[in-house]
Amino acid sequence: MSNCLSCDATIPVDEVEVGDIIVCDECGTEHEVLSLDPVELMLLEDDEEDDVAGVAGKDDDDDEDDDDDEDDGYDDDFSAASA
């Protein structure tokens, strides 16, 4: 037996192997089995939320990198000093 790293509920680890992903029946969090003797679990983060946030926040437009590389008809040379 081991305990959930999120809610401290008991998680049975009788028939697991290193690398298995086990789910807490109480809170639903996922844990990866890192070792069996002693039993060591690692709490896995919820990737679905990260993926959704990554997609929603992703900006494929290159507009923010507008360095006036195009000829817009204006003189962009500000280095000339006034006489």
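What counts and how
- Residues numbered from 1 in each chain as written.
- Predicted model: local features only at pLDDT ≥ 70, side-chain atom pairs only at ≥ 80, totals over all residues.
- Heavy atoms only, no water.
- Helix = DSSP H or I, 4+ residues; strand = E, 2+ residues; numbered from the N terminus.
- Contact = heavy atoms within 4.5 Å.
- Pairing = 2+ DSSP bridges.
- pLDDT = per-residue confidence, 0-100.
- Core = buried A, V, L, I, M, F, W, Y, C linked by side-chain atoms within 4.5 Å.
- Buried < 20%, exposed > 50% of the residue type's maximum accessible area, 1.4 Å probe, protein only.

**Student:** Got a minute to help me understand the side chain of Ser 2 in this structure?
**Tutor:** Here Ser 2 shows up in strand β1 (residues 2-3). In this view, Ser 2 contacts Ala 9, Thr 10, Ile 11, Val 13, Val 39 and Leu 41; residues no more than four positions away in its chain are not counted.

**Student:** Quick question: what am I supposed to make of the pairing of strand β5 (residues 39-43) here?
**Tutor:** Consecutive residues of a regular strand have side chains that alternate between opposite faces of the sheet. Bridge count between strand β4 (residues 30-36) and β5: five bridges; the pairing is antiparallel. Pairing of His 31 across the sheet is with Leu 43, part of β5.

**Student:** Explanation requested: the confidence of the model for the protein chain in the structure shown.
**Tutor:** One rule of thumb: low pLDDT means the predicted coordinates there are not for detailed reading. Per-chain confidence: the protein chain averages 76 in pLDDT, with 54% of residues scoring 70 or above. Least confident of the elements in the protein chain is helix α1 (residues 47-57), whose mean pLDDT is 45; most confident is strand β3 (residues 21-23), at 96. Scored below 50 in pLDDT, residues 49-59 makes two contacts in the model with residues more than four places away or belonging to other chains.

**Student:** Is there a simple way to think about the nonpolar core in this case?
**Tutor:** A general feature of soluble globular proteins is that nonpolar side chains tend to end up buried together. Judged by nonpolar contacts, Cys 4, Ala 9, Ile 11, Val 13, Val 16, Ile 22, Cys 24, Val 33 and Leu 41 together constitute the single largest core of nine residues. The residues contacting Ile 22, other than those within four sequence positions of it, are Ile 11, Val 13, Val 16, Thr 29, Glu 30, His 31, Val 33 and Leu 41.

**Student:** For this particular structure, what's the right way to read unusual backbone geometry?
**Tutor:** Leave glycine aside and you will find that most residues have negative phi; peptide bonds, for their part, are mostly trans. Of note, the bond from Asp 37 into Pro 38 is cis; its omega dihedral lies within 30 degrees of zero at 5°. Within the fold, Pro 38 resides in the loop between β4 and β5. Although it is not a glycine, Asp 8 sits at a positive phi angle of roughly 70°. With respect to the helices and strands, Asp 8 occurs in the loop between β1 and β2 (10-11).

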